[in-house]
Amino acid sequence: MPAPVNVSRHPLIQHKLARLRSVETKPPEFRDQVAEISRVLLFEATHDLRLAPTLVHTPLTETTCQTIADQVGFVPVLRAGLGMAEAMLEALTEATVWHLGLYRDHATLKPVTYYNKLPPKPTMDVGIVLDPMLATGGSAIAALDILQKTGTPRLIFIGLIAAPEGVAALQAAHPNVPIHLAALDSHLNEVGYIVPGLGDAGDRQFGTA
Ligand SMILES: O=P(O)(O)OC[C@H]1O[C@H](OP(=O)(O)OP(=O)(O)O)[C@H](O)[C@@H]1O
Ligand SMILES: O=c1cc[nH]c(=O)[nH]1
Ligand SMILES: [Mg+2]
């Protein structure tokens, strides 16, 4: 049985997705919505990180609190994953960021790697691949293949919008990797775009359309 696919049911996510999808939404607001949705998804996706007891002095007394014991590495898939990583770093400031440059060839729809800042050996307990769009699944699979080779013990994928075709392909290639999403859409169109989707997530964040 593959790891679960979690599609957030949070009303705030639904509300913000409406703005994200709208063709009227310009890059500044688009980036804000990517950031806010990403932070909520991070909270959901990291619900089972390990904790360790830590002694804290409050103004009144000493008390034992819990702090995150797992070392987390974010792997944003450039370009579109960048906004997700920045937002998540604000929530989990101790995380490491491993940039991974992939683009999808327009003719073949296959991913092409152009930048890889991942470590050769495992340095983190949990590696989280970040890419807003899971379309054919080729880019997410390639990112997880590369991350898996580092020997990072626990892997997670967080995306904003997926097509059923991408989810099926990712589950087949990486059955142990949980998938966290804001929305699972209807299908891919004839040129591999998610429908209804939001268009090109990189272009809409950075104003390059
Ligand atoms: O599931 P797939 O079919 O592989 O498609 C998804 C990929 O396409 C987009 O990247 P794009 O190639 O547009 O690069 P960009 O982020 O630089 O715009 C998106 O951010 C994913 O990385
Ligand atoms: O719908 C899609 C598919 C791939 N990449 C995007 O940015 N959007
Ligand atoms: Mg793009």
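The structure presented is a predicted model; accordingly, all values stated were derived computationally and were not measured. (Residues numbered from 1 in each chain as written. Chains lettered and ligands numbered in written order. Predicted model: local features only at pLDDT ≥ 70, side-chain atom pairs only at ≥ 80, totals over all residues. Heavy atoms only, no water.)

Please provide a residue-by-residue account of the layout of surface pockets, values included.
There is about 570 Å³ of room inside the largest pocket. Along the wall of the largest pocket there are 26 residues; nearest its centre are Ala80, Tyr103, Arg104, Ser139 and Asp200. Where the lining of the largest pocket is concerned, the elements lending two or more residues are β4 (72–78), β6 (100–104), β9 (133–134), α4 (138–149) and α6 (201–206). Its residues assigned to classes, the lining of the largest pocket shows 13 nonpolar, eight polar and five charged. (1 Å grid on protein atoms, 1.4 Å probe; cavity = no way out; pocket = protein on both sides within 12 Å on 5 of 7 lines; lining within 4 Å. Points joined across faces, edges and corners; volume = space filled by probe spheres on them. Helix = DSSP H or I, 4+ residues; strand = E, 2+ residues; numbered from the N terminus. Nonpolar A, V, L, I, M, F, W, Y, C, P; charged D, E, K, R; others polar.)

Account for the coordination of the magnesium ion (ligand 3), with residues named and values stated.
At 2.4 to 2.5 Å from the magnesium ion (ligand 3) lie its protein donor atoms, namely Asp200 (OD) and Asp200 (OD). By the secondary structure assignment, Asp200 is in the loop between β15 (194–195) and α6. (Donors = N, O, S within 2.8 Å, 3.2 Å for Na, K, Ca; no water.)

Talk me through the site of ligand 1; I want residue IDs and the actual numbers.
In the vicinity of ligand 1, 16 residues are found, and the nearest of them are Arg104, Asp131, Thr136, Gly137 and Ser139. Between ligand 1 and the protein, one listed contact pairs an oxygen atom with a backbone N or O atom of Ala80 at 3.1 Å. Within the backbone of Gly137, one N or O atom sits 2.9 Å away from an oxygen atom of ligand 1. Protein chains bury 92% of the 500 Å² of accessible surface belonging to ligand 1 in isolation. Where the shell around ligand 1 is concerned, the elements lending two or more residues are β4, β6, β9 and α4. For the shell around ligand 1, the residue count by class is seven nonpolar, five polar and four charged. (Near = heavy atom within 4 Å. Polar contact = N/O pair within 3.5 Å; in protein donor to acceptor, adjacent residues only side chain to side chain. Areas by Shrake-Rupley, 256 points an atom, 1.4 Å probe, with all protein chains shown as cover.)

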